[in-house]
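# Commentary on secondary and tertiary structure
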Amino acid sequence: MTYELTDHLGRKVVLPESPKRIISICPAITETLFSLGLEKEIVGRTKYCIFPKGIVDQVQIVGGTKEINFEKVKKIQPDLIFAEKEENTEEIVLELEKIAPVFVLEVKSIQNAYRFITTLGEVTATTMTAKLLLTACQKSFQSIKSRENGKAAYVIWRKPYMVVGGTTYINDVLQVMGFENPFTNEESRYPTVTNEQLTNANLDKLFLASEPFPFQQKHLAEFQAFLPNTEIILVDGEMFWYGSRMLVAGEYLAELVNN
């Protein structure tokens, strides 16, 4: 049995009522599907889908988020594929559609992240489990006591420096933490910035993420050299993921605010 549902991009997708062979090509989707109790149904993932640790290792890798081995996907014979607009390309989605139904999700804010959990529950026939997960994630984020904490930027890449801009989940998280992001008006959602732009932003804090670029202790001096009055903090980038990662992220983010 199948039915038609509109995905987050407004695409009509014909879905199986109870999917049995699911491929996820987005790390946050993969982790959340496991949290919904679908470990037996998940038959494909990307090499970046590393959670839940150990358990996910049993699932076959079909490539990365930006490059997929379509022959592997065909051999797996999925009845449903999940993708995410920012993580995966339109070209990949169009190619995968030739193999199986592709449901695309989109997350640009915390409210979108809550919708993301609800939608996954609806599409995979795990609505009640998704509702419990959603409630727990919302409770986790309520632990972040928002207050004005000044200006902050979140750096995701080096050479060139790239920061989080507007209409992104991470920017929304920064706002909830009480920070003003000076780079929300840029055209790009992840703008490239110069040393001068970072200096002129008069930042109170600069967050260096552990992924996608693996910023480490050795990089602090590089930024401190031209930002002498800014507190520079290494952060766990995985705690800025959406989906079931939000269960543990709330406490981590609250500690960042309080320190």
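How each quantity is defined
- Residues numbered from 1 in each chain as written.
- Predicted model: local features only at pLDDT ≥ 70, side-chain atom pairs only at ≥ 80, totals over all residues.
- Heavy atoms only, no water.
- Helix = DSSP H or I, 4+ residues; strand = E, 2+ residues; numbered from the N terminus.
- Rg over C-alpha atoms; globule rule 2.2 N^0.38 Å.
- Buried < 20%, exposed > 50% of the residue type's maximum accessible area, 1.4 Å probe, protein only.
- Contact = heavy atoms within 4.5 Å.
- Areas by Shrake-Rupley, 256 points an atom, 1.4 Å probe, with all protein chains shown as cover.
- Lys, Arg positive; Asp, Glu negative; His and termini not counted.
- Charge placed at Lys NZ, Arg CZ, Asp CG, Glu CD.
- 1 Å grid on protein atoms, 1.4 Å probe; cavity = no way out; pocket = protein on both sides within 12 Å on 5 of 7 lines; lining within 4 Å.
- Points joined across faces, edges and corners; volume = space filled by probe spheres on them.
- Nonpolar A, V, L, I, M, F, W, Y, C, P; charged D, E, K, R; others polar.
- Core = buried A, V, L, I, M, F, W, Y, C linked by side-chain atoms within 4.5 Å.
- Axes fitted to C-alpha atoms, helices over the stretch in contact; angles between N-to-C directions.
- Parallel < 35°, antiparallel > 145°, perpendicular 65-115°, else oblique.
- Pairing = 2+ DSSP bridges.
- Expected span 1.5 Å × (residues − 1).
- Arc of directions from axis to C-beta.
- Salt bridge = Lys/Arg side-chain N within 4 Å of Asp/Glu carboxyl O.

## Description of the overall build of the chain
Each helix and strand counted, the chain has nine helices and ten strands in total. In summary, the chain has a C-alpha radius of gyration of 19 Å against a globular reference of 18 Å for 259 residues, a match within 12%. Dimensions of the chain along its principal axes, counting C-alpha atoms only, are 60 × 35 × 35 Å. Out of the 259 residues in the chain, the part that is buried amounts to 53%. Long-range contacts, defined here as pairs at least 24 residues apart, represent 60% of the contacts in the chain between residues at least 6 apart. Roughly 12400 Å² of accessible area belongs to the chain as shown, and the carbon and sulfur atoms make up 50% of that amount. Charge-centre separation for the chain: the mean point of 27 positive side chains lies 4 Å from the mean point of 33 negative side chains.

## Thoughts on the side chain of Arg245
Mapped onto the fold, Arg245 is located in the loop between strand S10 (231-235) and helix H9 (246-258). The class for Arg245 is buried, based on a relative accessible area of 10%. Residues in contact with Arg245, not counting those within four places in the same chain, are Glu31, Phe51, Glu238 and Met239.

## Some words on the layout of surface pockets
Taking a probe equal in size to a water molecule and rolling it over the atoms shows the remaining empty space. The volume enclosed by the largest pocket comes to roughly 760 Å³. Glu86, Glu87, Glu211, Pro212 and Trp241 are, among the 27 residues lining the largest pocket, the residues nearest its centre. By residue class, the composition of the lining of the largest pocket is 16 nonpolar, three polar and eight charged.

## Thoughts on the nonpolar core
What tends to happen in soluble globular proteins is that the nonpolar side chains get buried as a cluster. In terms of nonpolar packing, the biggest core is built from 55 residues, with Phe82, Phe141, Tyr154, Tyr169 and Phe240 touching the most fellow members. When residues in this core are grouped by element, the largest group, seven residues, is from helix H4 (residues 110-123). The residues touching Phe240, leaving out its near neighbours within four places in the chain, are Tyr154, Tyr169, Ile170, Val173, Met177, Val235, Tyr252, Leu253 and Leu256. In this structure, Phe183, Val193, Leu208 and Leu220 belong to the second largest nonpolar core, which totals 18 residues.

## So, the packing of helix H5 (residues 127-141) against H9
At a minimum axis distance of 7 Å, the contact between H5 and H9 shows a crossing angle of 5 degrees. In terms of their interaxial angle, H5 and H9 are classed as roughly parallel. Side by side, H5 and H9 meet where Leu133, Ala136, Cys137, Ser140 and Phe141 of the first sit next to Met246, Leu247, Val248, Ala249, Gly250, Glu251 and Leu253 of the second. Partitioning the contact of H5 with H9 into residue classes produces nine nonpolar, two polar and one charged.

## Structural notes on the sheet that holds strand S4 (residues 42-44)
The sheet built from four strands is open, its strands ordered S4-S3-S5-S6 with parallel pairing. On the outer flanks of this sheet lie S4 and strand S6 (102-105), each paired with one strand and no other. The mean inter-strand angle of the sheet, taken between neighbouring strand axes irrespective of direction, is 35 degrees. As defined by bridge partners, strand S3 (residues 22-24) adjoins S4 across two bridges and the pair is classed as parallel. The residue bridging Ile23 from the neighbouring strand is Gly44, located in S4. Each of strand S5 (80-84) and S6 is contacted by H4, which is oriented at about 165 degrees to S6, the strand it contacts most.

## Quick look at H5
End to end, H5 covers 21 Å across 15 residues, agreeing with the expected 21 Å (1.5 Å per residue, within 8%). Every buried residue belonging to H5 is among Ala130, Leu133, Leu134, Cys137, Ser140 and Phe141, and all of these are buried. Summarising the axial view, the buried residues of H5 lie within an arc of 120 degrees, below the 170-degree limit, and thus occupy one face. In H5, the exposed residues that point more than 90 degrees away from the buried face are Met128, Lys131, Leu132 and Lys139. Against the buried residues of H5 lie helix H1 (27-35), H4, helix H6 (169-176) and H9.

## Some thoughts on the pattern of salt bridges
For side chains of opposite charge, pairing can occur when their charged atoms come near one another. Overall, the coordinates contain nine salt bridges when judged by the stated rule. The shortest N-O distance in the salt bridge between Arg245 and Glu31 comes to 2.5 Å. A residue pair is termed long-range when its members are at least 10 positions apart, and Arg245 in the loop between S10 and H9 and Glu31 in helix H1 qualify at 214 residues. Like Arg245, the residue Glu31 is buried in the burial classification. Between Lys205 and Glu231 there is a salt bridge, with the nearest N and O atoms lying 2.5 Å from each other. Placement of Lys205 in strand S9 (residues 205-209) and of Glu231 in strand S10 is noted, with a sequence separation of 26 residues between them. Salt bridges here are not isolated pairs; linked through shared partners, they connect Asp7, Arg11 and Glu97.

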